[in-house]
Amino acid sequence: MSFDPVSDDNERRRAIPLFDGGLATRGFALNAMCFSFNEKANREAFLADEEAYCAKFDLTAEQRDAVARRDVLAMLDAGGNVYYLAKLAGIFGLGVQDLGALQTGMSVDEFKAMLVRWADEIPAGARVKEAV
Amino acid sequence: MAKIIGGYFTSHVPGIGGAIMRGDQETPYWKPFFEGYPPIQQWLAEAKPDVAVVFSNDHGLNFFLDKMPTFAVGAAPQYDNADEGWGLPVYKSFEGHPALSWHVIDALVRDEFDITTCQKMLVDHAVSIPFELVYPGVESWPIKLVPISINTVQYPLPSPKRCLALGRAVHRALMSWGGDERVLICGTGGLSHQLDGPRAGFMNPDYDMFCLDNLAANPDALTGHSAEQVAELAGTQGVEILNWIAARGAMGDVAMTEVSRNYHIPISNTAAASVLLEPA
Ligand SMILES: [Fe+2]
């Protein structure tokens, strides 16, 4: 069988997963709500009455449940995109390391230590500063 | 004909804005990152660009999924930043250069790049933070802005090959411009990082080095992958390297001197880098 770059990339979209038309369609309502959190008044309205605010954006049952449980992986499964979800996380005072910990099952400290350890993977002799 | 005086490439992680706000530049965590910038600041102080053509991606401030342009060029007299929802200060506005923007837009469409044009465009941390890093503490930006936004959010993304070609078309546009502005080309974002999913926290120093080592002399080497392959290699947000690839194209196919390079792991969840190239 010959190599097909399109199905190869489609396989990659499913495996990683990547936010493509399928996820973007499924996640539209959830992402629309998160996009609204660019405005402070909307963040406050969410905090004042989460149920009513979610209803206003017609979240699916799956999305509403994921938000209620603060379950980031479930929000992603429901089509949430991390750039928009970050705005929801901000309401709860969660940064990207908190999100990383929640998604990987590590503690925040373990997650931060894992980030630092990537420095060990810099190849020997790699030029991390300009040539002098 | 505009004069392209250099190319400035940098990560744009929101956490950098937090560090600047707190004054953390000299702390052990941040120092190895911030020390990449004084050489660029000094170079800019002498080179005095008039205009910055900036390739970056929006993170859900200006564009939503209802309308998601693959490539969008700003043609506004002014570009404001705004609240992005997670606590960064609102950054200074940029003055635009509508005449140059419309020239670039005309030239790109003639060149068969069917871009979206934006007479109103908010710019997010991906534009503001790079300039906070190199013009710290200025009252107003000393450069005008021509912003070019590349979709790195919703697949299908443009391929690295297409982004390099877009950049090269922008270069041709700048070469046919009637003014004599001194232009700085910028590409922001990256390098390797992934915020979402079970692989959150992923980085790839090998791929980052491949990009850094080929950026100046052989940018075509970066176009051998599809956008999906880049996401696999660099992480889901590491695809922001597309902005660097387009910016390198806009510098033109001439030899480059690497004036400055800094690569550091980690800044927030990201392998961070800054590079300054100057036509040799
Ligand atoms: Fe980014």
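1. Considering the overall build of chain B
Stage number 1. Secondary structure assignment for chain B yields nine helices and ten strands.
Stage number 2. Here the C-alpha coordinates of chain B stretch approximately 45 × 40 × 40 Å along the principal axes.
Stage number 3. For chain B, the residues scored as buried account for 66% of the 280 residues in total.
Stage number 4. In chain B, the share of contacts with a sequence separation of at least 24, taken over all contacts with a separation of at least 6, comes to 80%.
Stage number 5. Surface accessibility of chain B: about 9,300 Å² in total, with carbon and sulfur atoms responsible for 52%.
Stage number 6. Across chain B, the 17 positively charged side chains and the 31 negatively charged ones have centroids separated by 4 Å.

2. Description of the packing of aromatic side chains
Stage number 1. Applying the stated rule across the entire model yields 21 aromatic pairs over all chains.
Stage number 2. Judged by centre distance (4.8 Å) and plane angle (25 degrees), the rings of A:Phe35 and B:Phe64 are stacked. Highlighted residues: A:Phe35 in helix α3 (residues 28-36) and B:Phe64 in the loop between β2 (51-56) and β3 (71-74), drawn from two different chains.
Stage number 3. Ring geometry for B:Tyr29 against B:Trp30: centres 5.3 Å apart, planes inclined by 70 degrees, an arrangement best described as edge-to-face.
Stage number 4. By relative accessible area, B:Tyr29 is classed as partly exposed at 34%.
Stage number 5. Chaining the aromatic ring pairs together yields one cluster made of A:Phe37, A:Phe46, A:Tyr53, A:Phe57 and A:Phe92.

3. Looking at the coordination of the iron ion
All names here are of chain B.
Stage number 1. Bound to the iron ion on the protein side are His 12 (NE2), His 59 (NE2) and Glu 240 (OE), at distances that span 2.0 to 2.1 Å.
Stage number 2. The sequence pattern formed by the donor residues of the iron ion is H-x46-H-x180-E. Remark: Glu 240 occurs in the loop between α8 (227-234) and α9 (241-250) and His 12 occurs in the loop between β1 (3-10) and α1 (14-22); sequence separation between them is 228 residues.
Stage number 3. According to the relative accessible area criterion, His 12 is buried, its value standing at 3%.
Stage number 4. Its relative accessible area of 2% is what places Glu 240 among the buried residues.

4. Brief notes about the domain arrangement of chain A
It is common to give the size of an interface as the accessible area lost on bringing the parts into contact.
Stage number 1. When cut into domains, chain A gives domain 1 (10-92) and domain 2 (95-132).
Stage number 2. Taking only C-alpha atoms into account, the centre of domain 1 of chain A sits 26 Å from that of domain 2 of chain A.

5. Section: the pairing of strand β9 (residues 256-267) of chain B
Residues and elements named next belong to chain B.
Stage number 1. Within β9, ten of the twelve residues are buried, leaving the element largely enclosed by the surrounding structure.
Stage number 2. Bridge count between β9 and strand β10 (residues 270-279): nine bridges; the pairing is antiparallel. The residue bridging Ser 260 from the neighbouring strand is Leu 276, located in β10.
Stage number 3. Joining the antiparallel neighbours β9 and β10 is a turn of two residues, in which Ser 268 adopts a positive phi near 55 degrees.

6. Some remarks on helix α4 (residues 40-48) of chain A
Residue and element names in this part refer to chain A.
Stage number 1. Within α4, the full set of buried residues consists of Asn 42, Arg 43 and Phe 46. Seen from one end, α4 has its buried residues packed into an arc of 105 degrees, which puts them on one side. Of the residues in α4, the exposed ones pointing more than 90 degrees away from the buried face are Lys 40, Ala 41, Leu 47 and Ala 48.
Stage number 2. Those residues of α4 hidden inside the fold are in contact with α3, α5 (50-56), α6 (61-68) and α8 (82-91).

7. Digging into the sheet that holds strand β7 (residues 144-150) of chain B
Residue and element names in this part refer to chain B.
Stage number 1. Spatially, β6-β3-β7-β2-β8-β1-β10-β9 is the arrangement adopted by the eight strands of the open sheet, whose pairing is mixed. Where the open sheet ends on each side, the last strands, each with one partner, are β6 (116-118) and β9. For this sheet the average axis-to-axis angle between neighbouring strands, irrespective of direction, equals 15 degrees.
Stage number 2. With five bridges joining them, β2 and strand β8 (residues 182-188) adopt parallel strand pairing. Each residue of the ladder has a partner; that of Val 53, found in β8, is Ile 185.
Stage number 3. Across the sheet, helix α4 (residues 98-110) lies against β2, β3, β6 and β7, angled at about 150 degrees from β3, the strand it touches most.

Conventions we followed
Residues numbered from 1 in each chain as written. Chains lettered and ligands numbered in written order. Predicted model: local features only at pLDDT ≥ 70, side-chain atom pairs only at ≥ 80, totals over all residues. Heavy atoms only, no water. Helix = DSSP H or I, 4+ residues; strand = E, 2+ residues; numbered from the N terminus. Buried < 20%, exposed > 50% of the residue type's maximum accessible area, 1.4 Å probe, protein only. Contact = heavy atoms within 4.5 Å. Areas by Shrake-Rupley, 256 points an atom, 1.4 Å probe, with all protein chains shown as cover. Lys, Arg positive; Asp, Glu negative; His and termini not counted. Charge placed at Lys NZ, Arg CZ, Asp CG, Glu CD. Phe/Tyr/Trp six-rings, centres within 6.5 Å; stacked < 30°, edge-to-face > 60°. Donors = N, O, S within 2.8 Å, 3.2 Å for Na, K, Ca; no water. Domains from an automatic or database assignment. Pairing = 2+ DSSP bridges. Arc of directions from axis to C-beta. Axes fitted to C-alpha atoms, helices over the stretch in contact; angles between N-to-C directions.

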